[in-house]
Amino acid sequence: MTDAWWKSAVVYQIYPRSFADSDGDGMGDLRGIIQHLDHLAGLGVDVLWLSPIYPSPQDDNGYDISDYQDVDPLFGSLEIFDELLAAVHERGMKLVMDLVVNHSSDEHPWFVESRGSVSAAKRDWYWWEPAREGMEPGTPGAEPNNWGSVFGGPAWEFDPGTGEYYLHLFSRKQPDLNWENPAVRSAVHEMMRWWLDRGVDGFRMDVINFISKVPGLPDGPVPAGSAYGDGSASFLNGPRIHEFLHEMYEQVVKGREALLTVGEMPGVTVEQAKLYTDPDREEVDMVFQFDHVWADRGPDPWALQRLKLTDLKAIFGRWQAGLADLGWNSLYWNNHDQPRVVSRYGDDGEFRVESAKMLGAVLHLHRGTPYIYQGEEIGMTNYPFGGIGDFRDIEALGQYAQAVEEGRDPEDVLTVLRARGRDNARTPMQWDTSPHAGFTTGTPWLPANPRYPEINAALATKDPDSVYHWYRRLIELRHTEPAVVEGDFTMLLPHDEQLYAFTRRLGPTELLVIGNFSGTPARAELPDPAAWSSAELVLNNTAQPPADWVLGPWQAVVYRREVTA
Ligand code: TEU
């Protein structure tokens, strides 16, 4: 891992299903992406990450893969994929694939063979267990352990054919692969090499810190009010995880130039991330941590909690300090699993544009590689969901069913799903003012957000003051100002509940970033304001520079100075 080119890169995530539909079937596809590559090249991003495009029963929108080495006809074909890859490379960008190997689809031939009989050659490619001792197989409570699945219900499915259960941390159509088995690992490595040989530039690794499980799969503690145990102590950052990732590096990545690997790791700590991303250990380039998107989650999962800015700053401060000397951060507000950040941590009403820009600036000017999720660059907002019938996401539907079964008030559950549900991120990309936001000429699989006549890419690219052009400038700043990439990070004003402020320092160059996370003016009590009196104002998301360090509603400013001894 000598060439850390990705330190100065910005990644853009495409959720193909919802990006652009070229053939009118209501579902985004690869040709749709090809048609919109200039939007992305114009923004200046360096890397595209594609959420899964592989053949899939689409139980979890493609995160349930039935063939790792092909393209689902919904999205196109391998030939069209090659065209896309060439078109991306022609524009000087790279393409990173989603690697989903904690589990496959239950329709993958590996699993079909595995479930065939207890003596099948691939039986131990998955986690099969008999019923709990003394219990009748297939009866309630007879599951091998008490774990609940992420999507609601038990983490085990009974297979009447062989009388045993298989483990699925996600849906029952996503059986967990058994990484203890070396044949599984080498099959995955071979598949990864096949994609790299085809020309792809790396992988985003889905829940990769779940792949090593504690043998014996012991029961977990049962959280108050829950019907199931929490098994995470037995699969988060499990006993062999570092071994598995290093082996993957050796078998797949080593000797190949200019790749990017990022591990999605719910529940990862700073200390663990340091191990995962220490270049000398040869595991992954960076990880996605979750602390800052769980900052507005209280002890009760079905009660909304407002973000406290001081909590958010403590989280980022910890991550920036922890990976300052070793390892590397990734930076994101949004992805296909998160609600829209302008609705979540900003103001999607009166100050939508200002707050979207402020959030972008604060994130992008931290140390780390920023990720932009489709639509974030135009300030897309959450969708006005009504009842449970408006949701499509298997997680929303499964968790709703479980919560209601556990006796929750359905209205409370809906309130949380409307604010935090994953479908908020999955409504069609808003291209222009034509029907369905220009996403499709047919009927979109999920309706377009009704705000598309006001919020769309056509308007944003024409307007020099748009969120789009602000993001373009942030990316440009990263590409031209080494202090953004390498500068030391210092958090300022950690106790301020309105202002987020920090500096970045590289040699004599110092940047000062201040963002107002509120709709009321606030004065920045800087430790050394005089030092900044003649600094250059590099970016400002409002018409007026701050007077006497008072920032207006959702204002963001970036200053640069050259420090003289
Ligand atoms: O997500 C992993 C994950 O932890 C999510 O379940 C997340 O915590 C939750 O959705 C927040 O609401 C990855 C993928 O990004 C997600 O789309 C998949 O559903 C999941 O893995 C299973 O592959």
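The sections below set out a description of the structure shown in this document. Along each chain, residues carry numbers from 1 onward, in the same order as the chain's sequence is written. Predicted model: local features are reported for residues with pLDDT of at least 70 only, side-chain atom pairs are reported and counted for 80 or more only, and whole-chain, interface and lining totals are derived from all residues. For side-chain calculations, the full set of non-hydrogen atoms in the structure is used, while hydrogens and water are omitted.

**Considering the environment of arginine 504**
Labels follow the DSSP assignment, with helices taken as runs of H or I lasting at least four residues and strands as runs of E lasting at least two, numbered in each case from the N terminus. For arginine 504, the position within the fold is in strand β13 (residues 499-506). On a C-alpha basis, the gap between arginine 504 and valine 293 in space is 23 Å, while along the polypeptide they are 211 residues apart. Counted as a polar contact is a pair of N or O atoms within 3.5 Å, where, for protein atoms, one must be capable of donating a hydrogen and the other of accepting one, and residues adjacent in sequence contribute only when both atoms are in side chains. For arginine 504, the side chain forms a polar contact with the main-chain oxygen of histidine 366, separated by 3.2 Å. At 3.0 Å, the side chain of arginine 504 and the backbone oxygen of valine 484 are in polar contact.

**Regarding the nonpolar core**
Only buried residues count toward a nonpolar core, which is a set of Ala, Val, Leu, Ile, Met, Phe, Trp, Tyr and Cys residues joined through side-chain atoms within 4.5 Å. For every residue, the accessible area (1.4 Å probe, protein chains only) is compared with the maximum for its type, and the residue is labelled buried under 20%, exposed over 50%, or partly exposed between those bounds. By size, the foremost hydrophobic cluster in this structure holds 138 residues, and its most contacted members are Tyr12, Leu30, Val45, Leu48, Phe81 and Leu312. Counting residues in hydrophobic clusters, the runner-up holds 16 residues, among them Trp127, Ala155, Tyr165 and Val207.

**Here we look at the packing of aromatic side chains**
Only the six-membered ring of Trp is used, alongside the rings of Phe and Tyr, when aromatic pairs are assigned; centres must lie within 6.5 Å, and planes under 30 degrees apart are stacked while those over 60 apart are edge-to-face, with the rest tilted. Tallying each qualifying case throughout the model produces 32 aromatic pairs. Note on phenylalanine 19 and tryptophan 431: the rings are 5.1 Å apart at their centroids and 85° apart in plane angle, and the pair reads as edge-to-face. Here tryptophan 431 lies in the loop between α13 (423-426) and α14 (457-462) and phenylalanine 19 lies in the loop between β1 (11-14) and α1 (30-35), a separation of 412 residues in the sequence. With respect to burial, phenylalanine 19 and tryptophan 431 carry one shared label: buried. Clustering of aromatic rings is evident, with ring pairs tying together Phe316, Trp333, Tyr345, Phe489, Tyr500, Phe502 and Phe517. Sitting over a ring, as applied to charges here, requires NZ of Lys or CZ of Arg to be within 6 Å of the ring centre and within 35 degrees of the ring normal. Residue placement shows arginine 17 over the ring face of tryptophan 445; its charged tip is 4.1 Å from the ring centre. A cation sits over an aromatic face here: lysine 94 above tryptophan 5, 4.8 Å from the ring centre.

**Some points on unusual backbone geometry**
The phi torsion at asparagine 61 lies on the positive side, around 50°, for a residue other than glycine. Looking at the secondary structure, you find asparagine 61 in the loop between β2 (47-50) and α3 (78-90).

**Digging into helix α11 (residues 394-405)**
How far a helix is expected to stretch is found by multiplying one less than its residue total by 1.5 Å. Here α11 is twelve residues long and its end C-alpha atoms lie 16 Å apart, about the 16 Å a rise of 1.5 Å per residue gives. Regarding α11, the residues found buried are Ile394, Glu395, Ala396, Gly398, Tyr400, Gln402 and Ala403. Elements in contact with the buried residues of α11: α12 (410-420). With a side-chain oxygen positioned 3.0 Å from the backbone nitrogen of glutamate 395, the residue opening α11 is aspartate 393. Glycine 407 sits one or two residues past α11 and shows a positive phi near 95°. Whether two residues touch is decided by their heavy atoms; if any such pair falls within 4.5 Å, the residues are in contact.

**A word on the side chain of glutamine 58**
Of note, glutamine 58 is situated in the loop between β2 and α3. Not counting residues within four places of it along the chain, the set of residues in contact with glutamine 58 comprises Arg17, Asp64, Asp72, Leu74 and Phe75.

**Brief notes about the sheet that holds strand β18 (residues 556-562)**
Hydrogen bonds between backbone atoms are what pair the strands of a sheet, whose relative direction is either parallel or antiparallel. Paired strands are those between which DSSP finds at least two bridges. Read across the sheet, five strands follow the order β12-β13-β14-β18-β16 without closing on themselves; strand pairing throughout is antiparallel. Both outer strands of the open sheet, β12 (488-492) and β16 (536-540), are each paired with one neighbouring strand and no more. Strand after strand, the sheet turns through a mean of 20° between neighbouring axes, direction not considered. Across five bridges, the pairing between β12 and β13 is antiparallel. Bridged to methionine 491 within β13 is phenylalanine 502. Axes here refer to lines fitted to C-alpha atoms; in helices the fit is confined to the stretch in contact. Angles between the N-to-C directions go from 0 to 180 degrees. Against the sheet, helix α8 (residues 309-322) makes contact with β12 and β13, and its axis sits at roughly 20° relative to β13, the strand it touches most. Packed onto the sheet, helix α15 (residues 467-480) meets β16 and β18 and runs at close to 135° relative to β16.

**Notes on the sheet that holds strand β10 (residues 330-331)**
Strand order in this open sheet of eight strands is β9-β8-β7-β3-β2-β1-β11-β10, and the pairing throughout is parallel. Single-partner strands in this sheet number two, and they are β9 (286-288) and β10. Note that strand β3 (residues 94-99) and strand β7 (residues 202-205) share three bridges and pair parallel. Residue pairing for β7: aspartate 98 is matched across the bridge by arginine 204. This element, α3, spans β2 and β3 of the sheet and lies at about 135° to β3.

**Looking at the packing of helix α7 (residues 270-277) against α8**
Two elements in contact, α7 and α8, have axes separated by 10 Å at closest approach and are oriented at 35°. The way α7 lies across α8 gives a crossing that is right-handed. In this structure, α7 contributes Val270, Ala273 and Lys274 to the contact, and α8 contributes Arg318, Trp319 and Gly322. Note on convention: the crossing is left-handed when the near helix lies turned anticlockwise from the far helix by less than a right angle, right-handed when the turn is clockwise.

**Concerning the packing of helix α5 (residues 182-198) against helix α6 (residues 241-253)**
As a packed pair, α5 and α6 sit with axes 10 Å apart at the nearest point and diverge in direction by 45°. Looking at the two axes, α5 sits oblique to α6. Considering only the axes of α5 and α6, their crossing is right-handed. On α6, the residues that touch Arg185, His189, Met192, Arg193 and Leu196 of α5 are Phe244, Glu247, Met248, Gln251 and Val252. Nonpolar residues are Ala, Val, Leu, Ile, Met, Phe, Trp, Tyr, Cys and Pro. Charged residues are Asp, Glu, Lys and Arg, and all others, Gly as well, are polar. Counted by class, the contact of α5 with α6 contains five nonpolar, two polar and three charged residues. Oblique is the label for every angle not falling under 35 degrees (roughly parallel), over 145 degrees (roughly antiparallel), or within 65 to 115 degrees (roughly perpendicular).

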